[in-house]
Amino acid sequence: MNERVRPVYVLFKGIGLFVLINVLYAMIQPPVARFSAYNLLFPGRERLPFGEAHNSFVVSIDDVDAMFATHAISSRKKPGEIRVAVIGDSSVWGENLHLEETLTGQWNQPGLQCGGSRIQVYNLGYPHPSVVKDMIFLEKLTEYEPDIIVWMITLNTLSSRRVNPFLIENRDAALRLLEAYNLPFYGLEELAREQDSFVDKTIVGRRSFLARYIKLQSLGFLWSATGKDFNLFNESVTISNDVSNDLIYRELLPGDDLETMMLEDALAVGHDIAGSIPVLLVNEPIFMAAGLNSDLRYNDFYPRWAYDHYRDAIATEVEQHGWNYLDLWDAVPQKYFTDTPLHLNADGERLFAEHLNSAVRSMVCK
């Protein structure tokens, strides 16, 4: 004999189960981000997931575990493979470029050999210029057996005061490193205030991340079928050769103490985090204007006084610590830059890769 269905009972039971599951999720905090279909069902992605909401090939993810779980570097290291991991900002990631046109894409194309071993270069750039973000990446990279880390920096890397979405999503790691090494980051208090509540840790609180991560996994079918991870909408962009006469850099003027806002100590921290893994520090190329007001500014990002001071400060740090360093700030002619003073076109990336390849080979080829 069938029992009569009691809708109110079913409703309250469903609500109770929903609440219980959310509470258990918040208490256990399962490492969802570390599980991925990439490198199992699908090939690992060659760039970290990043893109606009309307781009059908990608969804942005800021959780560092989720980012690395989808990347090719998370696959098992092949016998005889020499892993070169390149970290940095959007110039490394390759904005406005197809995969094969990026710095690492062109670096890999010749099939580099080193004493019978294959050199494989991994693109771990991400469009947030932040030395704190780089520290988190360096720590994460130690899990993946790189033979060398190429660390791209520019003045904006060291002077970033912003608490960006990446740092908020990875606040625990950021706070742990900043406090452990006593780094004077301007956004430290803001990060500390952004602590997750209990509700934020539930499925409901994490629904945005979970939805985007599920979408990222489903994009593995598209990635496998097309080999595309980004849909370019504007490929022909140029940068002006004229600049403003404004001498201000992040509210500072010539004569102000630029080093008070530069997180130079983070460079030493990064090397300490890398431990026994060799690090090649690279001051990346910038666009140098030759038109109006070019005697005052190198480009729209940097007045000459600020950038020159930055280069002198880095050179001093490198000499004191004996780091491996390449200052390639002027290594790429202005005709190869696109929409910003740091973004190169395919020909510029090829020239940049040639400079880097020689230095890296000298460090890893025995």
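What you are looking at is a predicted structure, and each value in this text was computed from that prediction instead of being measured. (Residues numbered from 1 in each chain as written. Predicted model: local features only at pLDDT ≥ 70, side-chain atom pairs only at ≥ 80, totals over all residues. Heavy atoms only, no water.)

Novice: For this particular structure, what's the right way to read the environment of V364?
Specialist: Relative to the elements of secondary structure, V364 occurs in helix α13 (residues 346-364). Given the relative accessible area of 12%, V364 is considered buried. Between the C-alpha atom of V364 and that of D257, which follows or precedes it by 107 residues, the distance is 38 Å. If we ignore the near neighbours within four places in the chain, the residues touching V364 are I82, C114, D147 and I148. (Helix = DSSP H or I, 4+ residues; strand = E, 2+ residues; numbered from the N terminus. Buried < 20%, exposed > 50% of the residue type's maximum accessible area, 1.4 Å probe, protein only. Contact = heavy atoms within 4.5 Å.)

Novice: Is there a simple way to think about the nonpolar core in this case?
Specialist: Taken as a class, soluble globular proteins show a tendency for nonpolar side chains to be buried jointly. The biggest cluster of nonpolar side chains holds 78 residues, and the ones touching the most others in it are F68, F137, W151, L155 and L258. Once residues lying within four places of it in the same chain are set aside, the contact partners of L258 are L155, Y249, L252, W305, A306, H309 and Y310. One finds I82, W107, L344 and L356 within the second-largest nonpolar core, a separate group that totals 32 residues. (Core = buried A, V, L, I, M, F, W, Y, C linked by side-chain atoms within 4.5 Å.)

Novice: I'm lost on the side chain of E81 in this one. Help?
Specialist: Assignment of secondary structure puts E81 in strand β1 (residues 81-88). We classify E81 as buried; its relative accessible area is 9%. Within the local environment of E81, its side chain forms a polar contact with the backbone nitrogen of K78, the two atoms lying 2.9 Å apart. Filtering out sequence-adjacent residues up to four positions away, E81 remains in contact with R118, Q120, Y122 and D147. (Polar contact = N/O pair within 3.5 Å; in protein donor to acceptor, adjacent residues only side chain to side chain.)

Novice: How do you make sense of unusual backbone geometry when you look at a structure like this?
Specialist: Glycine aside, residues mostly have negative phi angles, and peptide bonds mostly take the trans form. The phi dihedral of N39 is positive, around 70°, even though this residue is not glycine. Mapping N39 onto the fold places it in the loop between α1 (7-28) and α2 (64-69). Even without being a glycine, N293 presents a positive backbone phi close to 65°. With respect to the element layout, N293 can be found in the loop between β5 (279-283) and α12 (304-321).

Novice: What exactly am I supposed to notice about the state of the cysteines here?
Specialist: Every disulfide links exactly two cysteines, by a covalent bond between their sulfur atoms. Across all of its chains, the model carries 1 disulfide by this definition. Paired through a disulfide, C114 and C365 show a sulfur-sulfur distance of 2.1 Å. Of the two residues, C114 is situated in strand β2 (residues 113-114) and C365 in the segment after α13; the sequence distance between them amounts to 251 residues. Using a relative accessible area of 24% as the deciding quantity, one classes C365 as partly exposed. (Disulfide = S-S within 2.5 Å.)

Novice: Whenever I open this one, the pattern of salt bridges confuses me. Can you help?
Specialist: When the charged atoms of two side chains lie near each other, side chains of opposite charge can form a pair. With the rule as written, the count across this model stands at 12 salt bridges. Between R83 and E81 there is a salt bridge, with the nearest N and O atoms lying 3.1 Å from each other. Of the residues examined, R83 reaches a relative accessible area of 1% and is grouped as buried. With a closest N to O distance of 2.8 Å, D327 and R311 form a salt bridge. With a gap of 16 residues between them, D327 in strand β6 (residues 324-327) and R311 in helix α12 connect regions that are remote in the sequence. The exposure class assigned to D327 is partly exposed, which follows from its relative accessible area of 26%. When its relative accessible area of 22% is taken as the criterion, R311 is described as partly exposed. The structure contains a network of salt bridges with shared partners spanning R34, D65, K140 and E143. (Salt bridge = Lys/Arg side-chain N within 4 Å of Asp/Glu carboxyl O.)

Novice: Any chance you could explain the pairing of β5 here in plain terms?
Specialist: Look at any regular strand and the pattern is simple: side chains alternate between the two faces of the sheet. Across the 5 residues that make up β5, a large majority, 5, are buried. Across the two faces of β5 the burial is the same, with V279, L281 and N283 and L280 and V282 all buried. Inspection of the sheet shows strand β4 (residues 148-153) paired to β5 by 5 bridges, in the parallel sense. Each bridged residue has a counterpart across the sheet, and for M152 the counterpart in β5 is V282. (Pairing = 2+ DSSP bridges.)

Novice: Can you help me understand the packing of aromatic side chains in this one?
Specialist: Here a ring pair, both rings aromatic, is described through the centre-centre distance and the interplanar angle of the planes. The full count for this structure, using the stated rule, is 17 aromatic pairs. With 5.4 Å between their ring centres and 75° between their planes, F68 and F137 make a pair best called edge-to-face. Taken together, the positions of F68 in helix α2 and F137 in helix α5 (residues 131-141) put the pair 69 residues apart, joining distant regions of the chain. The pair formed by F68 and F137 is uniform in burial state, with each residue classed as buried. Relative to Y302, the ring of Y249 lies with its centre 6.0 Å away and its plane at 55°, an arrangement referred to as tilted. Placement of the pair is Y249 in the loop between α10 (207-226) and α11 (265-274) and Y302 in the loop between β5 and α12, with a sequence separation of 53 residues. Both residues of the pair, Y249 and Y302, count as buried. A network of ring pairs unites the aromatic residues F50, F68, W93, Y126, F137, Y144 and F166 as a single cluster. (Phe/Tyr/Trp six-rings, centres within 6.5 Å; stacked < 30°, edge-to-face > 60°.)

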